[in-house]
Amino acid sequence: MSIIRSRTAQAAVVAATAGALVLTGCSDGGGSAKDKSKSKKDAAAQSVAVKLGTAADSKGPAAEVPGAKTGGTMKVYNATDFSHLDPGQIYVSDAGMLGKLLFRGLTTNKEDAKGNQTVVGDIATDSGQTTDGGKTWKYTLKDGIKDENGHVIDSADVRHSVERLYDPFITDGPSYLQQWLSGSGTTYRKAYAGPFKGKHLPDSVLETPDKKTVIFKFKTAQPDLPQALAMVGYSVVPKETDTKEKYDKKPVAVGPYKIGEYKPGKGMKLVRNENWDPKTDAMRHAYVDGFDIEYNHNDDDQTKTLLADRGDAKDAVMFTGQVSTSQLQKVVGNAAAMKRTIQGYAPYVWQMNFNLDRIKDKKIRDAITLAMPATAVYKADGGAYGGEVANSLMSPTTPGYDEKLDPFNRAKNPNGDIEAAKKLIEEAGAKGKKITYAHGSEQMRQEQAVLIEDALRKIGLNPQKKQVDSATFYEQVGKIKNKYDIYMTGWGQDWASGATVFPPLFDGTQIQDGSSNYSHLNDEHVNKEIVRIQKITDPKKAATAWHELNEYIMTEINPAAPIYYTKVFQIAGSNVGGLRYSTTTSYTDVTQVYLKK
């Protein structure tokens, strides 16, 4: 899934020392309030395969939320502005949340009250039809799906939405579909330059025989196409109103809301899209009249405001914010406030990427991995309610995860093994070596950077922290020629399969600016294994194969040090109804919320 982006606001200054931060982290999650956070057992429940829905499952309207009322404006607090508004460029969490309100694609994920997901038709009548095991998929469009301008979405719009993803200006969105249609890695870029010079993808790849029919044709079976098409990155961009690069500032809505006002860096107001028909939508509700999204609220600010529950805060939710570490005890110890919270085990693995173009000695990479103070780092991100120590690059939510795989002995040394790391640094002759660590500008990332800097110094390295604006952090570290040695990023499955973890992160043929292969790993064995495993159609055999590749990558190469798995713990205002955790977005399900009065 998408990368976790910012959780707190920018430009805060860390005043505490590393030691104080450790104490702050250790004081949460325990103390007077019993730890009721999610566990790996909860995570395992999310590793089951997503079901493919029928035409009946795809019909709207969505089942009513008990007690829901209409009207009012929902307040949203968010740390930063959204890095992209063009759905083709969206691959991060907060923009993905927004996208669920603004956009629609051929399919989408419908959840039940227990978080079980079913892929259903969104603008299509069902999740897709295939008669040859997944080499050919046919979609029929529902009647009367309109965009905010009243234009009826047809197959030409869907074709255009796919074709524009090949244009060079699209760099940050998912690339599963393009690769499946036109070649793995970055070769799809050479197969087709995009639609803006008048050419289309050939009918042998993408066919639209009439206004309501879309047919995808692949060289090899792609049974996961319905899941991929449910990603916000594959939402419809109406052909006649596509403004290319400018679309990123003013997209056209097909979902229940449209952008009413946008002030970059300050906030955004969503208002009803009067052309959205709930009878066509099996997943979304639009109980409130609109959303008023305010930026520049860090986790601490969000938590204090929502916990106080005064004025507009009574009507407010977090998008990707978390209950802050400093406020955790106040929330956990307040029974009334806890009724306004949601929890979930998110699929993200925070990992310290090594820029393999700059740190070529595996002993140095292993030393840094051993030294990572994983416990202190995750406790700075919400304590026991924010995460737990990661033993591998695979999340407990991903099929094939094995807790026994622990090559850096996180179970015994969850806060690092400084002596073992020092020994490796000496063997590598790297004592005093300068290591540039890039980190986000949010307060929590700054706090974590202090902890990491301290650990690196203890093992004999010369760490240099470089703060990067969190709003563009992933774009900056996603550049091939970036000037950083190490940087921590979060990645989670796009759906319950290792196929959405290892190819995006470690396939060397995908390396380009904007790629998620942040370590620039380009290993022949890894590349070949990814191609081989992607052809395995038995989910259990595929899960085993992804596990074995995970072990190889960690032990033989070590391009990224696993630090911590993530949990989500959010609080909302007392007037918010329909509050629940979404296993699709890993945060509050914004398609279900309403105001009680």
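Details of the structure are given in the entry above.
Conventions and cut-offs
Residues numbered from 1 in each chain as written. Predicted model: local features only at pLDDT ≥ 70, side-chain atom pairs only at ≥ 80, totals over all residues. Heavy atoms only, no water. Buried < 20%, exposed > 50% of the residue type's maximum accessible area, 1.4 Å probe, protein only. Helix = DSSP H or I, 4+ residues; strand = E, 2+ residues; numbered from the N terminus. Contact = heavy atoms within 4.5 Å. Phe/Tyr/Trp six-rings, centres within 6.5 Å; stacked < 30°, edge-to-face > 60°. Lys NZ or Arg CZ within 6 Å of the ring centre and 35° of its normal. Pairing = 2+ DSSP bridges. Salt bridge = Lys/Arg side-chain N within 4 Å of Asp/Glu carboxyl O. Right-handed = clockwise from strand over helix to strand, strands pointing away. Axes fitted to C-alpha atoms, helices over the stretch in contact; angles between N-to-C directions. Parallel < 35°, antiparallel > 145°, perpendicular 65-115°, else oblique. Nonpolar A, V, L, I, M, F, W, Y, C, P; charged D, E, K, R; others polar.

The next thing to look at is helix H3 (residues 93-102). Counting buried positions over the 10 residues of H3 gives 10, a clear majority of the element. The complete set of buried residues in H3 reads Ser93, Asp94, Ala95, Gly96, Met97, Leu98, Gly99, Lys100, Leu101 and Leu102. Where H3 is buried, its residues contact strand S3 (107-111), strand S8 (257-263), strand S9 (267-272), strand S10 (290-294) and strand S12 (341-354).

As a further point, take the environment of Lys465. In this structure, Lys465 sits in strand S15 (residues 462-468). Residues Lys465 and Gln117, spaced 348 residues apart in sequence, show a C-alpha to C-alpha distance of 41 Å. Sequence-distant contacts of Lys465, defined by excluding residues within four places in its chain, comprise Tyr437, His439, Ala449, Val450 and Glu453.

It is worth spelling out the packing of aromatic side chains at this point. Inspection of every chain in the model, using the stated rule, returns 21 aromatic pairs. Ring centres of Phe216 and Phe218 lie 6.3 Å apart, and the angle between their planes is 10°; this geometry places the pair in the stacked category. The class of Phe218 is buried, set by a relative accessible area of 6%. Arranged with centres 6.0 Å apart and planes meeting at 85°, the rings of Tyr401 and Tyr565 form a pair that is edge-to-face. Here Tyr401, found in the loop between strand S13 (387-389) and helix H13 (418-427), pairs with Tyr565, found in strand S17 (residues 560-571); they are 164 residues apart in sequence, far enough to count as distant. Given the relative accessible area of 0%, Tyr565 is considered buried. Pairwise contacts between aromatic rings join Tyr139, Tyr176, Trp180, Phe216, Phe218 and Trp495 into one cluster. It is Arg445 that lies over the ring of Trp350; its NZ or CZ is 3.9 Å from the centre.

The two faces of strand S5 (residues 136-140) differ: Trp137 and Tyr139 on one face are buried, but Thr136, Lys138 and Thr140 on the other face are not. Here 5 bridges tie S5 to strand S7 (residues 213-217), and the two strands are oriented antiparallel to one another. Bridging across to S7, Thr140 finds its partner in Thr213.

In this structure the tally under the stated criterion is 27 salt bridges. The partner of Arg340 in a salt bridge is Asp309, and the shortest N-O contact between them spans 4.0 Å. Of this pair, Arg340 sits in the loop between helix H10 (335-338) and S12 while Asp309 sits in the loop between helix H8 (299-308) and strand S11 (316-318); the two residues are 31 residues apart in sequence, bridging distant segments of the chain. Overall, the relative accessible area of 13% leaves Asp309 in the buried class.

Across the junction of Gly60 and Pro61, the peptide omega takes the value 0°, indicating a cis bond. Unusually for a residue other than glycine, Asn409 sits at a positive phi of about 55°. Within the chain, Asn558 stands out as a residue other than glycine whose phi angle is a positive 60°. Of note, Asn558 is situated in the loop between helix H18 (539-557) and S17.

Counted residue by residue, strand S14 (residues 434-440) has 6 buried out of 7 residues, so it is predominantly covered. As judged from the 7 bridges shared by S14 and S15, these two strands associate in the parallel manner. Bridge pairing in S15 links Lys434 to Asn462. A crossover connection joins S14 to the parallel S15 through helix H14 (residues 443-458); in handedness this β-α-β unit is right-handed. Direction of pairing for S14 relative to strand S16 (residues 486-491): parallel, over a ladder of 2 bridges. In the strand pairing of S16, Tyr437 is matched with Ile486.

Our focus in this paragraph is the packing of helix H17 (residues 524-534) against H18. Close contact between H17 and H18 brings their axes to 10 Å; oriented N to C, the two are set at 170°. Viewed along their axes, H17 and H18 adopt a mutual orientation that is roughly antiparallel. From H17, His525, Val526, Glu529, Ile530, Arg532, Ile533 and Gln534 reach across to H18, where they touch Ala542, Ala545, Trp546, Leu549, Tyr552, Ile553 and Ile557. Grouping the amino acids of the contact of H17 with H18 by side-chain chemistry returns 10 nonpolar, 2 polar and 2 charged.

Moving on to the sheet that holds S14. Strand order across the open sheet formed by 6 strands is S13-S17-S12-S16-S14-S15, with mixed pairing between neighbours. Here the strands that pair on one side only, and so sit at the sheet edges, are S13 and S15. Here the average twist between neighbouring strands, direction ignored, is 30°. As paired elements, S12 and S17 share 10 bridges and run antiparallel to each other. Residue Met352 lies in a different strand from S17, and its bridge partner there is Ala561.

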